[in-house]
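# Observations on the model geometry
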Amino acid sequence: MCADCLLAGLSTCQRVVTVQKGPLYRVRGSHITLWCKVSGYQGPAEQNFQWSIYLPSAPEREVQIVSTVDPSFPYAIYAQRVRSRGIYVERVRGDAVLLHITELQDRDAGEYECHTPNTDERYFGSYSAKTNLSVITDTLSASMVPQVLTHTEGDTVELTCEVSKSTTQHTHLSVGWYHLRGAGEHHAEEVLTLSKDFVLRPGPSYKQRFLAGDVQLNKIGNTTYKLSIRGVELSDRGQLYCEAAEWIEDPDETWKDISCKQTGKTSLTVMSQGRDLSVDITAAETSLSEGDTLQLNCLVGSQKSSSKHFRVLWLLNGVEVVRVDPHGVLIWEEEYKERAKLGQLQAFKQSNMVYVFTVYEVGLKDNESRMRMTVSTSTPQVVVGDALILLCDVQGATSPVSVQWWHLPPQHPGPRMLVATMEQDGTLSLGSTYQDSGTRGTLRLEKARSGAFTLVIPNTLDEGDGGQYWCKATEWSRGRSWIEEGETAVTVSSMGLDLHATLRSRIATVRYGQIFELVCQVNASYTLEEVPMSVVCLRIHNAVAADEGTYQCEVEVWRRSSLPLGQPAATVKSNAVGIKVVLPESKLRVAMKESSVEIAGSADTAIECRIMFALNNSQFAVTWYLLPPAPADATPLQIVRASYNSVLEYGAEFSSPAEKSRFLSQRVSHNAFWLRILSANPGDQGRYYCVVEEWLWLVDNWYKLGEGTSGRTTLEFKLPERELQLEKTNRSISAREGEDVTLLCLLQSTHLPTTYLSATWFWGKKNGRISTLLTLRRDGTIEYPRESLVGRLHLRRPSAGDFSLTLHSVEKDDAGVYHCQVQEWQQQSEGKDWALQALAYSGYTQLTTIPLESTIMSRICSSPPLLNFILYLPLVLILLLALVVVFWYFFGKSKSNKKSNITGGKLMGSRKLS
């Protein structure tokens, strides 16, 4: 049966296959995934999937790639990559999979099709879906000059990283600095990152130092990013490196990192002001393959080190390998002497401060598995007939893993029973006791995510399904294997409850974090030996908002013979008890001072939003608004909202790519936010303010405690003293849809030969924000903020002072008020900045659009002959009707008289003959 249809209450199922929405752009050489899922199906819960591609060179020809059911499915060009798991399918659940391509190639570009073979009683619905994938060049680069630095506590450390890209698609960059505390350490700690949304985010250990201004990341050029750490601490020693990522927005509006680059590492030794000796270890490479060379450097720091001698010991997993005495003499441990003689191991004193240890052709004996396991259950105690859910979480494995689940019933010291096995390729098999789906239901062993294996037993039979459950994970690599095991216990009970239930609580309103208790009093006219108590308590520790609501306890009595598929012998619910949880009170205060900002020309500016007070550990969402200068009752326009987790959401008036690139929300300190406006123009004038929301993590979720609104900051433009003479006549024109219309902008004065002119056209609707249509720059280039209008706007310029704008194929939404601004610029001297000398605004042109249907009716009604005909139509109809009546009267009467005369003549004739 198809579960989706049954849940929806439908009697018929329609299969629907959905694939990741395209087009997608991914970088050559990267590891990519494409998801595909099916719903509305009949048949088994585990569906099969087949992936194919249609290449651009032969778009009608299907090329088969990989299948979950047929090993012979791949065509020859993909067979080897499938066998070596360069291409494979990961099953997320029974009806959803991920297609993995571990190293994307140029020939992988094309249209991908995901197909699900039919398991339904009849064909009904869709059985495949397609998406497009383009392979682009990886242009991202990140570099830093490797250094070995030695500093004393309190010094300042500055490192620079060069990051660049030249991707033709619209992408964003994120740049971050990371810290490795010791040699061989694989977990890097985040220092400070500039996210793809232009927000600075410190790592947990550096948050307070960032807020205090001691840790900073600044962009000091087009491609240069500088990390500054003031007051360096002992905990900062280790290795520092820079990591850059390039992000692209997919059609489903999610951002994907398509390329990531790391720089070389800089070793930092920090000497204590009160201690003269420091030791640090670095590795040229922290991830190696068998046969590679491992080189480790031991860095010894000490004041006046040239006059001192050191003894250095090298250890592997805590066991000494070799020591270097103060004169540089090597003393190898016995088990490593042979490898040292063969040249496989080498140690030497490079200088009085640097000691080198090298392993040539490193092997698995120099490594150990980092696989770790956690076994747990979300159903530690269940009633017979309920489901068991067991989780085996495997972490640290770098190679494919197989998983086995075993069961030992309670009070049965016999051998463990195999429940289920999942091989490295996702193949599933069940133990002999669990193969009959009619008893416990269809067992499921699923890989929910990387390393997380969930076992679900839908229906427990009896107490014997309780006991111990073991998870055994095996990691395979180069003919060797590592095994980890873990276990968890569950209890399956057949207890029933009593028949009468009363629920009570001592308090109805609970403060956040307070304990509250609900007591369910159970009574019956009979006793059950399996129920040892008649009072059930529910105690909630650390109450959260999600605990608010109405509570009831439900009591059921079951007969043993009816398990697991029968109905309870009796069911009763208690009375309802309402619990209200009161959240902490917000202490948020936002600066309310009114201010103004005056700028000249096309300059950058910033407007500040400052938080005066808030609770500790609060996070803030900041929304910026603009009140246009006119009319007085204008509705505030949302510019951009930065949520408490730094997700940006632009308002409708500011959602174009051009506006997004000009209006940036940034957090510059722990209590100050800026709205940066790049290349501001007169259309940006108005009153700006922010609304700050205070959010707090309360055990289970983020909650909004309150909000505050800042004072207004007025943005004004300082106009030059000299004004150009621009034709200022106000006009009102109408245009039918589809017609062309020209809007006038005429300069009446001349300008100096050493100056250059620029012009900008503006458009706005009543009570709406004035937006920019196009800008003619002083160098003659034209910028179109709204790309949809590029083909419809034409700046004709028949003369030097004519900046008139022609709008082609007028549309209904083009109605509004248009005006232009002309600016005069002069360069102060060779190589210097340009200065604004004068500007002027044109008059306003009100454009009214006439719909196409109104145009057709007006042409009909404006035709004089047709209009006369319509006016006189009723009179004509009346005259025609009168003529018909008169004609019928005379014609009918004449015909009747003629018949009478003929008859009379015959009668008179017969009398005469007689």
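For the structure itself, look to the data block above.
Notes on the structure in this doc start here. None of these values were measured; they are calculated from a predicted model. (Residues numbered from 1 in each chain as written. Predicted model: local features only at pLDDT ≥ 70, side-chain atom pairs only at ≥ 80, totals over all residues. Heavy atoms only, no water.)

### Observations regarding the overall build of the protein
Secondary structure summary: the protein contains 8 helices and 67 strands in total. Burial status across the protein gives 41% buried among its 914 residues. Across the protein, contacts joining residues at least 24 apart in sequence account for 59% of those joining residues at least 6 apart. Accessible area for the protein stands at about 50300 Å²; split by element, carbon and sulfur atoms hold 52% of it. (Helix = DSSP H or I, 4+ residues; strand = E, 2+ residues; numbered from the N terminus. Buried < 20%, exposed > 50% of the residue type's maximum accessible area, 1.4 Å probe, protein only. Contact = heavy atoms within 4.5 Å. Areas by Shrake-Rupley, 256 points an atom, 1.4 Å probe, with all protein chains shown as cover.)

### Structural notes on helix α4 (residues 334-341)
Within the sequence span of α4, burial applies to Tyr336, Arg339 and Ala340. Here the buried residues of α4 occupy an arc of 100 degrees about the axis, which is enough to place them on one side. Residues of α4 that are exposed and point more than 90 degrees away from the buried face comprise Glu334 and Lys341. Where the residues of α4 are buried, they touch β23 (312-316), β24 (319-324), β25 (330-332), β26 (345-349) and β27 (354-359). Gly343 lies just past α4 and shows a positive phi near 80 degrees. (Arc of directions from axis to C-beta.)

### Some remarks on a nonpolar patch on the surface
A contiguous nonpolar patch, built from Leu877, Leu880 and Leu883 and spanning about 310 Å² of accessible area, is present on the exposed surface. Looking at the secondary structure, you find Leu877 in helix α8 (residues 864-913). (Patch = residues over 30% accessible without salt bridge, like charges linked within 9 Å, V, L, I, M, F, W, Y side chains within 5 Å. Salt bridge = Lys/Arg side-chain N within 4 Å of Asp/Glu carboxyl O.)

### Observations regarding the state of the cysteines
By the definition in use, this model includes 6 disulfides. Residue pairing for Cys36: its cysteine sulfur links by disulfide to Cys114, the two sulfurs lying 2.1 Å apart. Looking down the S-S bond of the Cys36 and Cys114 bridge, the torsion is -90 degrees, so its handedness is left-handed. Of this pair, Cys36 sits in strand β3 (residues 32-39) while Cys114 sits in strand β8 (residues 110-115), and the two are 78 residues apart along the sequence. Each member of the pair, Cys36 as well as Cys114, is classed as buried. The disulfide partner of Cys161 is Cys242, and the gap between their sulfur atoms is 2.4 Å. (Disulfide = S-S within 2.5 Å.)

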